[in-house]
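# Summary of structural features
Listed below are the residues making up each chain.
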Amino acid sequence: MLKKALGNLVENALKYSDEQEPVEVTVDAAGGDCEVVVKNAGPGVPEHELHRIWEPFFRGTNAALGKTDGRGLGLVVVKRSVELLGGRVSVESGPSGPTVFRVRLPLAKG
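Attention here is on the structure that accompanies the text. (Residues numbered from 1 in each chain as written. Predicted model: local features only at pLDDT ≥ 70, side-chain atom pairs only at ≥ 80, totals over all residues. Heavy atoms only, no water.)

### Re helix H1 (residues 2–15)
Counting along an α-helix, one turn takes 3.6 residues, and residues three or four places apart therefore face a common direction. With 14 residues, H1 ought to run about 20 Å at 1.5 Å a step, and its terminal C-alpha atoms sit 20 Å apart, in line with that. Listed in full, the buried residues belonging to H1 are Ala5, Asn8, Leu9, Asn12 and Ala13. Burial along H1 is one-sided: seen end-on, the buried residues are contained in an arc of 130 degrees. With respect to the buried face of H1, the exposed residues turned more than 90 degrees away are Lys3, Lys4 and Leu14. Elements in contact with the buried residues of H1: strand S2 (33–40), helix H3 (74–84) and strand S4 (99–106). (Helix = DSSP H or I, 4+ residues; strand = E, 2+ residues; numbered from the N terminus. Expected span 1.5 Å × (residues − 1). Buried < 20%, exposed > 50% of the residue type's maximum accessible area, 1.4 Å probe, protein only. Arc of directions from axis to C-beta. Contact = heavy atoms within 4.5 Å.)

### Some details on the sheet that holds strand S3 (residues 88–92)
The four strands are arranged S1-S2-S4-S3 in an open sheet whose pairing can be described as antiparallel. The open sheet is flanked by strand S1 (24–30) and S3, the only strands paired with a single partner. Sheet twist, expressed as the mean angle between neighbouring strand axes with direction ignored, is 15 degrees. (Pairing = 2+ DSSP bridges. Axes fitted to C-alpha atoms, helices over the stretch in contact; angles between N-to-C directions.)

### Side note on the packing of aromatic side chains
Under the defined criterion, the tally for this structure stands at one aromatic pair. Ring geometry for Trp54 against Phe101: centres 6.0 Å apart, planes inclined by 90 degrees, an arrangement best described as edge-to-face. Placement of the pair is Trp54 in the loop between S2 and helix H2 (61–67) and Phe101 in strand S4, with a sequence separation of 47 residues. A single burial state applies to Trp54 and to Phe101, both of which are buried. Geometry around Trp54 places Lys79 over its ring, the cationic atom sitting 5.5 Å from the centre. (Phe/Tyr/Trp six-rings, centres within 6.5 Å; stacked < 30°, edge-to-face > 60°. Lys NZ or Arg CZ within 6 Å of the ring centre and 35° of its normal.)

### Digging into unusual backbone geometry
Between Gly97 and Pro98 the backbone carries a cis peptide bond, its omega angle lying at -5 degrees. Structurally, Pro98 can be placed in the loop between S3 and S4.

### Re the layout of surface pockets
Space inside the largest pocket adds up to approximately 630 Å³. Forming the boundary of the largest pocket are 34 residues, of which Asn12, Lys15, Tyr16, Ala63 and Leu75 lie nearest the centre. Looking at the lining of the largest pocket, the elements that each hand over two or more residues are H1, S2, H2, H3 and S4. Of all the elements, H1 adds the most residues to the lining of the largest pocket, at seven residues. A per-class count over the lining of the largest pocket returns 14 nonpolar, 12 polar and eight charged. (1 Å grid on protein atoms, 1.4 Å probe; cavity = no way out; pocket = protein on both sides within 12 Å on 5 of 7 lines; lining within 4 Å. Points joined across faces, edges and corners; volume = space filled by probe spheres on them. Nonpolar A, V, L, I, M, F, W, Y, C, P; charged D, E, K, R; others polar.)

### Some words on the side chain of Glu49
Turning to its location among the elements, Glu49 is positioned in the loop between S2 and H2. The charged side chain of Glu49 is buried without a salt bridge, its nearest counter-charge being Arg52 at 7.0 Å. Within polar-contact distance, the side chain of Glu49 engages the side chain of Thr61 at 2.3 Å. (Lys, Arg positive; Asp, Glu negative; His and termini not counted. Salt bridge = Lys/Arg side-chain N within 4 Å of Asp/Glu carboxyl O. Polar contact = N/O pair within 3.5 Å; in protein donor to acceptor, adjacent residues only side chain to side chain.)

### Notes on the pairing of S4
The sheet contact formed by S2 and S4 spans eight bridges and is antiparallel. From the neighbouring strand, Lys39 faces S4, where its bridge partner is Val100. As paired strands, S3 and S4 are joined by five bridges and run antiparallel to one another. Paired with Ser90 across the two strands is Arg102, which belongs to S4. Between S3 and S4, which pair antiparallel and follow one another directly, the connecting turn spans six residues, one of which, Gly97, has a positive phi of 85 degrees.

See below:
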């Protein structure tokens, strides 16, 4: 489940980035959690669409421009998978980018 969720985030970051721009993925321990950050320098998500990206079948303005294929389910899988694992996911973006997704999951005790 986690592999699919993180794979969807990285795949989207690559899909919406200029081929010349890097996609950054970082992993760090933060306050008893593991934080995975996926950042791209693509066009960004308009503010009025940010709350809708988690809705099934929603495809934003940038997807509608015809550059990408998809069904609008990838981020739904991300959110539901992360929540089932006891974590949370958030996004920060602006109209000109970058877009940053943060996944926080509790560290395993042991």
